[in-house]
Every structure is written in C-alpha cells, then in structure tokens.
Amino acid sequence: MLTTLKTSYTDTRAADLAWALGREPLPALAVLDLELTGAKLQLRLLGASHQVLLEEEQYNCSETVACMPGSSTPLPLGVSKRIGGWEYEFAARVEKLSHGSFAGRAQELLALVADHPNGLAGTFPGSPHAFTAMLAQRHEGQVRWRTWHAYPQEGQLVVTRTQIGVRMPATL
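Rules used throughout
Residues numbered from 1 in each chain as written. Predicted model: local features only at pLDDT ≥ 70, side-chain atom pairs only at ≥ 80, totals over all residues. Heavy atoms only, no water. Helix = DSSP H or I, 4+ residues; strand = E, 2+ residues; numbered from the N terminus. Rg over C-alpha atoms; globule rule 2.2 N^0.38 Å. Buried < 20%, exposed > 50% of the residue type's maximum accessible area, 1.4 Å probe, protein only. Polar contact = N/O pair within 3.5 Å; in protein donor to acceptor, adjacent residues only side chain to side chain. Phe/Tyr/Trp six-rings, centres within 6.5 Å; stacked < 30°, edge-to-face > 60°. Core = buried A, V, L, I, M, F, W, Y, C linked by side-chain atoms within 4.5 Å. Pairing = 2+ DSSP bridges. Axes fitted to C-alpha atoms, helices over the stretch in contact; angles between N-to-C directions. Expected span 1.5 Å × (residues − 1). Contact = heavy atoms within 4.5 Å.

J.: Teacher, can you tell me more about the overall build of the protein chain here?
T.: On a plain count of helices and strands, the protein chain comes out with one helix and twelve strands. Reading the protein chain from its N terminus to its C terminus gives the helix and strand order β-β-β-β-β-β-β-β-α-β-β-β-β. Against the globule reference of 16 Å for 172 residues, the protein chain gives a C-alpha radius of gyration of 16 Å, in line with a compact fold. Along the first, second and third principal axes, the C-alpha set of the protein chain runs to 50 × 35 × 35 Å.

J.: Help me understand the side chain of His-149, please; the structure alone is not making it clear to me.
T.: Locating His-149 in the fold gives a position in strand S11 (residues 142–151). Residue classification places His-149 among the buried positions, given a relative accessible area of 0%. There is a polar contact of 3.0 Å between the side chain of His-149 and the side chain of His-50.

J.: Can you walk me through the packing of aromatic side chains in this structure?
T.: The description of two aromatic rings rests on the distance between their centres and on the angle between their planes. One pass over the structure, following the stated rule, counts three aromatic pairs. Taking 6.4 Å as the distance between ring centres and 35 degrees as the angle between the ring planes, the aromatic pair formed by Trp-19 and Tyr-88 counts as tilted. Of this pair, Trp-19 sits in strand S2 (residues 18–21) while Tyr-88 sits in strand S8 (residues 86–96), and the two are 69 residues apart along the sequence. A single burial state applies to Trp-19 and to Tyr-88, both of which are buried. On the numbers, 5.4 Å between centres and 50 degrees between planes, the contact of Tyr-59 with Trp-86 is tilted. Of this pair, Tyr-59 sits in strand S6 (residues 59–66) while Trp-86 sits in strand S8, and the two are 27 residues apart along the sequence. Taken together, the aromatic side chains of Trp-19, Tyr-88 and Phe-90 make up a single cluster linked through ring pairs.

J.: What should I look at first to understand the nonpolar core in this one?
T.: Here is a general trend for soluble globular proteins: nonpolar side chains tend to be buried in one another's company. One finds Leu-41, Leu-43, Leu-54, Tyr-88, Val-143, Trp-145 and Ile-164 to be the most contacted residues of the largest nonpolar core, which totals 33 residues. Core analysis: the next-biggest nonpolar cluster, separate from the first, contains 13 residues, Val-113, Ala-121, Phe-131 and Val-159 among them.

J.: Even after reading the chapter, I still don't get the sheet that holds S2, so can you show me in this structure?
T.: Two orientations exist for strands paired in a sheet by backbone hydrogen bonds: parallel and antiparallel. Within the open sheet, the five strands sit side by side as S2-S6-S5-S4-S3. Their pairing is antiparallel. Two strands close off the open sheet at either side, each with one partner strand: S2 and strand S3 (30–36). Strand-to-strand twist in this sheet, taken as the mean axis angle between neighbours without regard to direction, amounts to 10 degrees. Pairing analysis gives six bridges linking strand S4 (residues 39–45) to strand S5 (residues 50–56), with the strands arranged antiparallel. Note on S5: the bridge partner recorded for Leu-45 is His-50.

J.: When you look at helix H1 (residues 99–114) in this model, what are you seeing that I'm missing?
T.: Residue pairs three or four apart in sequence face the same way in an α-helix, which turns once every 3.6 residues. Between its first and last C-alpha, H1 extends 22 Å over 16 residues, near the 22 Å set by a 1.5 Å rise per residue. Buried residues of H1: Phe-102, Ala-103, Arg-105, Ala-106, Leu-109, Leu-110, Val-113 and Ala-114, and no others. Buried-residue contacts for H1 involve strand S1 (2–4), S8, strand S9 (119–124), strand S10 (127–139), S11 and strand S12 (156–166).

J.: Please clarify how the pairing of S8 should be interpreted in this entry.
T.: Looking along a regular strand, one sees the side chains alternate between the two faces of the sheet. With six bridges joining them, strand S7 (residues 78–83) and S8 adopt antiparallel strand pairing. When the bridges of S8 are listed, Arg-82 appears paired with Glu-87. Between S7 and S8, which follow one another and run antiparallel, lie two residues, and Gly-84 among them has a positive phi close to 60 degrees.

Following this line, the structure appears as structure tokens:
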C-alpha cells in the first residue's frame, strides 16, 4: 500500500533516529494490519519513522524507530534480545547515495513495497523521494520486517531489518 502522508516532512536527519522496544502505540499517519499465520502485526508510519506492534499467543512486542525527544538510545547497528520466549534481532545501516542513485533507489523501493500485500509506504508532499516504507513476512516460524527511511536532502537511506520468533532449544 502506498499513501501520501498528510504532514510536513519534519524528521529530516537520519542521525536523529532512535530505537526503542516496548513503547506504547504512538499516533500514526498510516497503518496496515496484517495476520501472518497466527501472528497479528501492525505496521505504523509515524512520519519519517516507524512503529511495529506484534502479538502472537501470549507474547507481544513493540518496536519504534523514530526521532523521540528525550530518548537516549540512538539507532544501534545491531541488537539481540530475549523478549519472553522470543528471540529478537534488529540491525540497521545507513546507505549514503549520490543524488541520481538516490532517486533510482527510491523509485525501486517504492515500487517493491507499493504493490506488496504486506507492504506499507508513505511519501511526503513536496519531496518525491522522501518516504518511509515497510515490508513484513513470516518465514520458518519467524516474523520479519524491513524498513527504509529516506533522507534525500542528505542522500541517506536508513535501512533496518528485524526478525523475531520463538527461541529454539539448542541441540548437541
């Protein structure tokens, strides 16, 4: 699903993004509710930011990547945590692109997400390559999502990848 977000483009620096687990739902500009083989997933666009809410059986998880005033947790390169009976893994990277490369990459990502049944993307008025996009899937018992936060004025694309699933016992 592709939508034009009805807001000004205010989260304008990739370096201002922060990461948090367990936050309450924040006001969203666009929402996509998904059911992925027993898991309820809600993808939420918060301007140039995202929030994902996941519920499955007795567990739930909330991931937020946003410009959060007062947050002291910058966007990490990677996180691995245990949440109840789940294993949670998060990774982020920043791609620095030239103006021409950025425009092409933006078009490619928006086309990928716009027509995908588990995809949500929002573009901002006044900047054709300013967007936030999210894509979710379930694979081998894991719920996974990827996000892209575009900052065309900086030529930066923040890419995140998350997977979460039931912790499997180690075998010898």
